[in-house]
Amino acid sequence: QVKLVESGGGLVQAGGSLRLSCAASGRTFSNYAMGWFRQAPGKEREFVAAIKWSGGVTYYADSVKGRFTISRDNAKNTVYLQMNSLKPEDTAVYYCATDLTVVPTNAASYDYWGQGTQVTVSS
C-alpha cells in the first residue's frame, strides 16, 4: 500500500523560505512521478511542481518557477519542495501525490495522495 507523508509546513513571513518533505513508502518508486499540488480556501487544487523518480525530469507551474525547486532523494524515497521568496498568495494546503503513469501536471491522473501540510505566508 502506497503511503505518502508530508511535513515541513508552517507560518512564514513574505520573502521567507520553507522546505516541504514527502516521504513515500509501500512501493519501488523508480518509475513513478511525484507531484506537489496546493489548494487555497475556496479555490481548486492546482499544480505546483513535479518530478520523475527516474531521470529527475522536473515540471513547474509558471507561478512558482524560479522560486520553488523540487528534488528527490532516491535512497530515502523522499521528495522535497524548497520554497523561496514566498508570497502571501502561496498560502495553501500543500499535497504530494504519486502514481506510475501520469500527466505530471494533472491532478486527476494521480491515485495516491498525502494528507497535506499547511503553508501560511503572512504579509
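Right above here is the structure, for reference.
Residues numbered from 1 in each chain as written. Predicted model: local features only at pLDDT ≥ 70, side-chain atom pairs only at ≥ 80, totals over all residues. Heavy atoms only, no water.

Novice: So what exactly am I meant to see when it comes to the environment of Val93 here?
Specialist: Tracing the sequence through the fold places Val93 in strand β9 (residues 92–99). Along the chain, Val93 and Phe29 lie 64 residues apart, while their C-alpha atoms are 24 Å from each other. (Helix = DSSP H or I, 4+ residues; strand = E, 2+ residues; numbered from the N terminus.)

Novice: How do you make sense of the state of the cysteines when you look at a structure like this?
Specialist: Covalently bonding the sulfur atom of one cysteine to the sulfur atom of another cysteine gives a disulfide. Considering all chains together, one arrives at 1 disulfide under this definition. Across a sulfur-sulfur distance of 2.1 Å, Cys22 and Cys96 are joined as a disulfide pair. Between Cys22 and Cys96, the disulfide has an S-S torsion of 60° and is therefore right-handed. Taken together, the positions of Cys22 in strand β3 (residues 18–25) and Cys96 in strand β9 put the pair 74 residues apart, joining distant regions of the chain. Accessibility expressed as a relative area gives 0% for Cys96, which makes it buried. (Disulfide = S-S within 2.5 Å. Buried < 20%, exposed > 50% of the residue type's maximum accessible area, 1.4 Å probe, protein only.)

Novice: Help me out: how do you make sense of the pattern of salt bridges in this one?
Specialist: Note on pairing: side chains with opposite charge can pair once their charged atoms come close. Applying the stated criterion across every chain yields a total of 4 salt bridges. Taking the shortest distance from any N to any O, the salt bridge between Asp90 and Arg38 comes out at 2.9 Å. A residue pair is termed long-range when its members are at least 10 positions apart, and Asp90 in the loop between β8 (78–83) and β9 and Arg38 in strand β4 (residues 33–39) qualify at 52 residues. Asp90 gets classed as buried once you look at its relative accessible area, which sits at 1%. (Salt bridge = Lys/Arg side-chain N within 4 Å of Asp/Glu carboxyl O.)

Novice: Mind showing me how you'd approach the sheet that holds strand β1 (residues 3–7) here?
Specialist: Neighbouring strands of a sheet are bound in pairs by backbone hydrogen bonds; such pairs are parallel or else antiparallel. Reading across from one edge, β1-β3-β8-β7 is the order of the 4 strands in this open sheet, with antiparallel pairing throughout. Whereas interior strands pair on both sides, the edge strands pair on one side only; in this sheet they are β1 and β7 (68–73). For this sheet, the mean angle separating the axes of adjacent strands, direction not counted, is 15°. (Pairing = 2+ DSSP bridges. Axes fitted to C-alpha atoms, helices over the stretch in contact; angles between N-to-C directions.)

Novice: Looking at this structure, I do not really get the side chain of Arg67. What am I missing?
Specialist: Relative to the assigned elements, Arg67 resides in the loop between β6 (58–60) and β7. By relative accessible area, which is 11% here, Arg67 ends up buried. A distance of 2.9 Å separates a polar side-chain atom of Arg67 from the backbone oxygen of Ser63. A distance of 2.9 Å separates the side chain of Arg67 from the backbone oxygen of Ser85, its partner in a polar contact. Those residues within four positions of Arg67 in sequence are excluded, and the remaining contacts are Gln82, Met83, Asn84, Ser85, Leu86, Lys87 and Asp90. (Polar contact = N/O pair within 3.5 Å; in protein donor to acceptor, adjacent residues only side chain to side chain. Contact = heavy atoms within 4.5 Å.)

Novice: What am I meant to see in the pairing of β8 here?
Specialist: Burial runs high along β8: 5 of the 6 residues are buried. Hairpin geometry of β7 and β8 is characterised by an intervening segment of 4 residues between the two adjacent antiparallel strands and by a positive phi of about 50° at Asn77.

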